[in-house]
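Architecture at a glance
The residues making up each chain are set out below.
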Amino acid sequence: MTDLPDFPWPFPWPDHEPNPTPVKAWAQYEDGSLGAVTVTGGELPALARPGRYIPHDEYQLLIAEMTATRNARLEAMGEEEAARQTREYNDLTKAGITEETARRLSGYTGPGAA
């Protein structure tokens, strides 16, 4: 067996942090999208695309705004789809198509034809 050098303990060196504490930063990019960067040891890198680092509070506010906008759009799309289904169902039944077939073709699931 070979002789190993006498290394100081704790290895590698007393001023070395073996498991550096991760640092998390939040970013808003030029296109409005958001992201998070986690760095273990060292400084925050330059962003890979145009943007800026932002405080966590601003990040949370922007996430809340994006979520509210998304939910409002999904609700509007649902209402538009329901109106389309109702309109198609009524048109099909007025054209003499049986209710069962009109429901299947339009996707309508509400009450019977008015």
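The rules we used
- Here the residue index of a chain counts from 1 through its sequence in written order.
- Totals for whole chains, interfaces and linings use every residue, but because this is a predicted model, local features are given only for residues with pLDDT of at least 70 and side-chain atom pairs only at 80 or more, for both listing and counting.
- To get the side-chain values, take all heavy atoms of the structure and skip hydrogens and water.
- Any carboxyl oxygen of Asp or Glu that lies within 4 Å of a side-chain nitrogen of Lys or Arg is treated as forming a salt bridge with it.
- The secondary structure listing takes helices from DSSP runs of H or I that are at least 4 residues long and strands from runs of E that are at least 2 residues long, numbered from the N terminus.
- Only protein chains enter the area calculation, which uses a 1.4 Å probe; residues under 20% of their type maximum are buried, those over 50% are exposed, and those in between are partly exposed.
- Classification of ring pairs uses Phe, Tyr and Trp, with its six-membered ring standing for Trp, and accepts pairs whose centres are within 6.5 Å; under 30 degrees between planes counts as stacked, over 60 as edge-to-face, and the remaining range as tilted.
- Here a residue-residue contact requires only that any non-hydrogen atoms of the pair lie within 4.5 Å.
- Two strands form a pair only when DSSP identifies at least two bridges running between them.
- Definition of nonpolar core: a set of buried residues of the types Ala, Val, Leu, Ile, Met, Phe, Trp, Tyr and Cys, connected through side-chain atoms within 4.5 Å.
- Each residue carries a pLDDT score, the predictor's confidence in it, ranging from 0 to 100.
- Axes here mean lines fitted to C-alpha atoms, for a helix over just the part in contact, with angles spanning 0 to 180 degrees between N-to-C directions.

What follows is about the pattern of salt bridges. A complete count under the given rule lists six salt bridges for this structure. Residues Arg84 and Glu81 are paired through a salt bridge, measuring 2.5 Å at the closest nitrogen-oxygen approach. Highlighted residues: Arg84 and Glu81, both in helix α1 (residues 56–94), separated by three residues, approximately one helical turn. Linking Arg84 and Glu88 is a salt bridge whose minimum nitrogen-to-oxygen distance equals 2.5 Å. A residue pair is termed a helical-turn pair when its members lie 3 or 4 positions apart in one helix, as Arg84 and Glu88 do in helix α1 at four residues. Residue Arg84 is classed as partly exposed on the basis of its relative accessible area of 23%. For Glu88, a relative accessible area of 29% puts it in the partly exposed group. Overlapping salt bridges bring together Glu81, Arg84 and Glu88 as one network.

On to the packing of aromatic side chains. One pass over the full model with this rule turns up two aromatic pairs. A ring pair is formed by Trp26 and Tyr59, whose centres lie 6.2 Å apart and whose planes are at 40 degrees; its orientation type is tilted. Within this pair, whereas Trp26 is found in strand β1 (residues 22–29), its partner Tyr59 is found in helix α1, the two being separated by 33 residues in sequence. Of the residues examined, Trp26 reaches a relative accessible area of 18% and is grouped as buried. Take Tyr59: its relative accessible area is 16%, and that puts it in the buried class. The interplanar angle of 20 degrees and the centroid separation of 4.4 Å between the aromatic rings of Tyr89 and Tyr108 together place this pair among those described as stacked.

Note on placement: Ala102 falls in helix α2 (residues 99–106). Classification of Ala102 by relative accessible area gives buried; the value is 0%. Each residue touching Ala102, except ones within four places of it in the same chain, is listed here: Tyr89, Leu92, Thr93 and Ile97.

Within a regular strand, side chains alternate between the sheet's two faces. As paired strands, β1 and strand β2 (residues 34–40) are joined by seven bridges and run antiparallel to one another. Of the residues in β2, the one forming a bridge with Ala25 is Val37. The hairpin turn running from β1 into β2, its antiparallel successor, is four residues long, and Gly32 in that turn takes a positive phi close to 95 degrees.

Burial of nonpolar side chains together is a common tendency in soluble globular proteins. In this structure, Trp26, Leu34, Ile54, Tyr59 and Leu62 together form the largest nonpolar core, which totals five residues. Apart from residues lying up to four places away in sequence, Leu62 is in contact with Gln28, Leu34 and Ile54.

For the rest of this paragraph, the subject is the confidence of the model for the chain. Scored by pLDDT, the chain comes out at a mean of 88, with 82% of its residues at no less than 70. Element-level pLDDT for the chain is lowest in β2, with a mean of 92, against a maximum mean of 97 in α1.

Strand order in this open sheet of three strands is β2-β1-β3, and the pairing throughout is antiparallel. Both edges of this open sheet fall to β2 and β3 (51–54), since each of them pairs with a single strand only. Across this sheet, the average inter-strand angle for adjacent strands is 35 degrees, counted without regard to direction.

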